[in-house]
Structure formats: structure tokens, C-alpha cells
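Survey of secondary and tertiary structure
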2 protein chains.
Amino acid sequence: MKVKLNDVAKAAGVSPTTVSRVLNNRGYISEKTRKKVKDAMEELNYYPNEIARSLFINKSFLIGLIFPTTSNPFYGQLIFHLENICESLGYKVLLCNSQGREDKEKTYLEMLQRHQVDGIIAGAHNTGIEEYNTPNLPLVGIDRYLSKNVPVVSSDNYIGGKIATQLLINKGCQQILHINGPSSLETPANLRRKAYEDVMIANNLNPIAYEIGEDIIKKVFDENPGVDGIFASDDLIAANVIREAKERNINIPIDLKVIGYDGTDTTRILLPELTTVQQPIKEIAETAIKLLMKQINSTESDFQLETILPVELIEGKTT
Amino acid sequence: MKVKLNDVAKAAGVSPTTVSRVLNNRGYISEKTRKKVKDAMEELNYYPNEIARSLFINKSFLIGLIFPTTSNPFYGQLIFHLENICESLGYKVLLCNSQGREDKEKTYLEMLQRHQVDGIIAGAHNTGIEEYNTPNLPLVGIDRYLSKNVPVVSSDNYIGGKIATQLLINKGCQQILHINGPSSLETPANLRRKAYEDVMIANNLNPIAYEIGEDIIKKVFDENPGVDGIFASDDLIAANVIREAKERNINIPIDLKVIGYDGTDTTRILLPELTTVQQPIKEIAETAIKLLMKQINSTESDFQLETILPVELIEGKTT
DNA sequence: TTGTAGGCGTTATCAG
DNA sequence: CTGATAACGCCTACAA
């Protein structure tokens, strides 16, 4: 069947230990035997069994990633960077699409623990899942409070929401609405809405926020015929708003101004005219990994509990 | 440290074997001891070590996925479905973003083998990497010939290309160009271009194809002032074409008609007006997994070597 | 510089 | 019905 360390040893006429030494560059080995062994490995097309190795060293070099779906451009891009950085550090990535379902997320969480992952990065929009308390495992949340003492990384949602709302006000909008995704109160992303409400009130305007759902966009327009500004909590919602507006022959940006949130590469290509608040996705990924590695490589817990990264306004033609 | 099977055994006052039996529902156990064991597992918050288990049963329930990037909406959606189906079958997914780089892909391929994955699904646009010949491992390619005898799944690229080109011709375009992605001659995706060329020639038109690259879109317009139809080999390219056209004040669809390829959920939301050839992404994923499982679960190689799934034209407002 | 022995956590085999 | 034992493939003492 599969060629193993022992086979290499036999072929090279040395002991398994020697092969292991060559493999891991440990201890003293004569150049001659080293070459013999290397040749044998080449010859037999040998790959060390990482599973056996993990079992022994009690470390898997596996990181679990739990996000709603790679299909969403924000998560897709975020996961791309996360995987990328992991790879550069010698870690591999176990991917989990929770689809925002609490049951799936719990199952995944258990599965990852069974597989002895060295850490987990999660970002979904579920309410506090208590299972995140139990595992004595390095954890990092992205835009998401997982549990007490689990560090969170997010873009500056509050400032982002403020910038967005303020922009609409500055551009002269009178009736500004907010539509947010399926976010519970426990995610930092909800600060986008909070900021919207604060800014509206500070400007003596009436905040009206909708949560996305079946036919919500139509409802928004039906219920607010005078709407002239919409701050959508992500770019996909913004795109849906734009489409509905077009169908109703509402002129953007003259009669209605729309601003989104995320500013992924994909959005910038497919809908470049959209004004949006761009998240520093790569930096979020870098920070998350850094925080995770800190936990993995040390026992002290002196890491920053909440990291907030700056956002950037990208003005397009929809405002 | 981590609680293991032995700890549970001790706590329950039974042997490790019995615990293992309870865990796997094998052999006869009295209800009483079963309960004792289950309680102990609960008590100690025990999770079986899947690594040790994999080592013994010589199966990891891991599937490797090698694609250029989850950031691209097509791959993002494809990977979403692949992971989803794997999960439903009890398999976990190791994610690899090859970024279309041959060196990365080779490294990943080796890494996956070291990790004893039960199979690999790959779809990137690299030229034949010979390493795909060596591993005696279940493999499936998506839109990509990995090696002799490795099954390939793809959308009907030829028909898709034909439909796209024919549509432009039917709509009265005279100077139709094609822009394709960085595809080598060895991928089925290249049939999109082949079909374009065939249809053009069959209609006594002159086929001109560009391959995407730095400032290619501008070049396309500069070199072909009379262009009135463009078939882009994916939606992102189509989006770039549309943007450039807008900047040049070229009216779409009146002066220029554009059609893309892929029709991902994300594109449909962000750029719903784009006419495109939609790939059956979910079906591609299902077929790929089915072919992989067939290889995993049997030694015979009676599987279909090439599966081609039908595409669908989605007419938007850009044609 | 190299080899031998034991164990990482689990499971299958074979007794009892 | 339950328990002891060996083994999965590798690595680290400890010996030689």
C-alpha cells in the first residue's frame, strides 16, 4: 500500500530513526547516509504521514474557519486572505460553511475539536453559542462576539455607519432609511445601525431601520414613498435596492442616494458605481491570525480583546 | 490536559475497549454500562480524537479542494456547494487557494497527501502538473484536465460559447470580439473560445480573441473602434468591459452588446442586467463529489471520464 | 553517528 | 457482555 517511513529505512539500509532524523533535520547524520535516505525517499515517492505525526506531537497545524458562506464576496475574500496567511505560517485550513445556522455551527465546532485543530476563527451572525465557552481552544471572532475573553476583530462599524449616514445627510437627503442584514444585537456589525440612528437623531431626523428578509426591499419602497437616501449594511443589499429603484424608475442618485458597506474586490468590479464603506479585509485577516497565533504560541492571555480597524469611504455614482 | 478515552474509562470504571464500543455502537453492551460510560463522557466533556482514529482506520474523511481563490464569486459558490455536500456525507474540507500559481499548487498537492486526504477536487487554470499523475489518490477535475484517467466535470463550454456568439450575431453585431481568462489550451473552459471561433467562421466573420491581462480591455477598444459585440469568458471580464464602455460613452446595448459567462448568484445580484451564460454550479459540485466518492468507495474505475452539464442563457439588458 | 524501545489515542482481535 | 493486547505511522529518549 502506502509507503511509510519504515519502507524508506529498509530501502536505504538504515533504521527508522535515521530516516526520521533526516526528515526533521535533527541530530547528527553523516552526509552519506543523509543522501542515501533522501534518495530512497525520492525513489519510493515517500510522503510522511502527517496524521501519525500530529498524533505524536499533539499538534495538527490545522485551523478551523467557520463562516456563513464562501459564496458571499465578503466572506469569500476574507477566507481567501485567512487561508493565505495560514499557509504562509505552515498551517492548513478546515473550511466550514455554517450558513448562519446555529445547529450547523455547533456541529462544526465539535467536529473541529475532534480533529484537534490548533485554533478556530469564526464569524457568523448567530447569537452567542454557549459551546464557544467550553473549549479550551484558541479562538478569534471576526465581527462577532463569541464569548467572554475571546478577542474580536472588526472594521470600525460605528465610524463606518456614521460616515455613511452623514454623507447622505450632507448630500441633502431628507428621508434616510437603513436596511441591515440578519445581525443580532451581539455583533459589532450592528454598530452600523446604531451609528445610523445616532447620527439621524443628532440631526433631528427620524431613523427607520429594516432588517433584510423576504420582499423587504419592496416593502421599504412601498412604505416610504418619499425615501431619498438608503444606507444598506452591505453591498448586496445595496445592489438589491438599486435594482428595485430602477424598476420603479427612481433616478439614482438624483431622486435616491444609496450607500453600501464592504467594498469587496468583487463589488468594485461588478458594481463600481456604488458608493460604499470599504472594510480593510486583508488587515482584518492579518489581525485575526496574529491574535490566534499569539494564543497558540503562548499561555498568557495578554492579547487585545477588541481590535477595530479603520474603514474607508469610496464615493461612487450612487450618491 | 485533554481528556481522552482512557480517562473516560477510568471515570466510568470500565476498560478502554468498552468506551470505544459505546462510542462506535459496536458489539454488545449492557444498557447499564452504556449509560455509565455516556455519563462519564458527558461529565468530562469528552471528544474522541479523530486524528488517532484516522491513524488506525487509515482514513481521514478529509477532502482537499484546490482552486485559485474563494474571492472569485464562481469559485466561492462552487466551493460552498462542494463543502456543503462533503459535510452531508461526513467528510471535511481542506481548503487550498492556489492563486493560479503552479508552485503553490504543487506544494498544496504534497501537503494534502501528507495529510492523508481521501480525495482531491481541483480546478485551477494551470498547465498539466505532472504531480497529478503520481498520487494513487481519488481525483476529480473541474473544468480542468488533471491527468489521464482523472474524471473531469464541466459545464457545456462549447455550447455555451456557441450560444453566446450566436446571440450576438442574431442581434445584428458585425464586429464581435472574444476576451478570455488566463486559460491554457488544456482546460475545457477553452472550448468557449473555440466555439466562438467556429461560429464566427461559420458566419463568415473574423474571430479576434484576446487574453485578459494588464490594460487589455482598453487595448481591445483602442484596437477595435468598430466593435459592437463582446463575448467575455466570465462575468468579471464582462463587467470590466462594461465599465470601460461607459467611460468611453459607448451605449450598451445599442452601440455595443456584451455577454458574459458564469451567472453566479453574486453576479445576478450585483449586475443583474448582464446577459450571461449560466453554469449549473450546484450540479457541477454534485457530480464532482459523486465521481470522487465512487473512486473512494470502490477500486474499479468504471466512472465516466468526462461529464458535461448543460448551461442556460440568461438574457439581461446588455444585449 | 546510528539503532532500540516505548508511546501518542484509538480500534480490532481474541479470550474470558 | 467485557477486558487485555497489539497495531496504525511516527517521534523522542536512551543506548550503543
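Our subject is the structure listed above.
As a starting point, this report considers the structure included with it. Computed from a predicted model, the values in this text were never measured in an experiment.

**Overview of the sheet that holds strand 12 (residues 312-314) of chain B**
Residue and element names in this part refer to chain B. An order of 7-6-8-9-10-12 is seen for the six strands of this open sheet, with the pairing classed as mixed. Only two strands of the sheet have a single neighbouring strand rather than two, namely strand 7 (208-211) and strand 12. Adjacent strand axes in the sheet meet at a mean angle of 20° when their direction is disregarded. Note that strand 8 (residues 229-232) and strand 9 (residues 257-262) share three bridges and pair parallel. Bridge pairing in strand 9 places Ile 230 opposite Val 258. Across the sheet, helix 10 (residues 235-247) lies against strand 6 (176-180), strand 8, strand 9 and strand 10 (275-278), angled at about 155° from strand 9, the strand it touches most.

**Structural notes on the packing of aromatic side chains**
Tallied over the entire structure, the rule returns six aromatic pairs over all chains. On the numbers, 5.1 Å between centres and 55° between planes, the contact of Phe 61 of chain A with Tyr 91 of chain A is tilted. Taken together, the positions of Phe 61 of chain A in the loop between helix 4 (50-57) and strand 1 (62-67) and Tyr 91 of chain A in the loop between helix 5 (73-88) and strand 2 (92-97) put the pair 30 residues apart, joining distant regions of the chain. One aromatic cluster is present, formed by Phe 67, Phe 74 and Tyr 75 of chain A through successive ring pairs. When the ring centre of Phe 61 of chain A is taken as reference, the NZ or CZ atom of Lys 59 of chain A above it lies at 4.7 Å. The side chain of Arg 192 of chain B reaches across the aromatic face of Tyr 261 of chain B, ending 3.8 Å from its centre.

**Quick notes on the protein's contact with DNA strand C**
Inspection of the region around DNA strand C gives 25 residues, with Thr 17 and Thr 18 of chain A together with Lys 4, Leu 5 and Tyr 46 of chain B positioned closest. Among the atoms of DNA strand C lying within 4 Å of the protein, the sugar-phosphate backbone contributes 67%. A distance of 2.5 Å separates a phosphate oxygen of DNA strand C from a polar side-chain atom of Tyr 46 of chain B. Looking at the surface near DNA strand C, the elements that each hand over two or more residues are helix 2 (16-24) and helix 4 of chain A together with helix 2 (16-24) and helix 4 (50-57) of chain B. Per-element accounting of the surface near DNA strand C gives the leading share, five residues, to helix 2 of chain B. The residue inventory of the surface near DNA strand C, partitioned by class, reads eleven nonpolar, nine polar and five charged.

**Comments concerning the sheet that holds strand 1 of chain A**
Overall, mixed pairing links the twelve strands, which are arranged 11(A)-5(A)-4(A)-3(A)-1(A)-2(A)-2(B)-1(B)-3(B)-4(B)-5(B)-11(B) in an open sheet. Bordering the open sheet on either side are strand 11 (306-309) of chain A together with strand 11 (306-309) of chain B, each of which pairs with just one other strand. Pairwise comparison of adjacent strand axes, ignoring direction, gives a mean angle of 20° for this sheet. Where strand 1 of chain A lies against strand 2 of chain A, six bridges are found, and the strand directions are parallel. What sits directly across from Ile 63 of chain A, in strand 2 of chain A, is Val 93 of chain A. This element, helix 12 (residues 281-297) of chain A, spans strand 1, strand 3 (119-122), strand 4 (139-142), strand 5 (152-155) and strand 11 of chain A of the sheet and lies at about 165° to strand 4 of chain A.

The rules we used
Residues numbered from 1 in each chain as written. Chains lettered and ligands numbered in written order. Predicted model: local features only at pLDDT ≥ 70, side-chain atom pairs only at ≥ 80, totals over all residues. Heavy atoms only, no water. Pairing = 2+ DSSP bridges. Helix = DSSP H or I, 4+ residues; strand = E, 2+ residues; numbered from the N terminus. Axes fitted to C-alpha atoms, helices over the stretch in contact; angles between N-to-C directions. Contact = heavy atoms within 4.5 Å. Phe/Tyr/Trp six-rings, centres within 6.5 Å; stacked < 30°, edge-to-face > 60°. Lys NZ or Arg CZ within 6 Å of the ring centre and 35° of its normal. Near = heavy atom within 4 Å. Polar contact = N/O pair within 3.5 Å; in protein donor to acceptor, adjacent residues only side chain to side chain. Nonpolar A, V, L, I, M, F, W, Y, C, P; charged D, E, K, R; others polar.

None of the figures reported here should be taken as evidence of function without further support.
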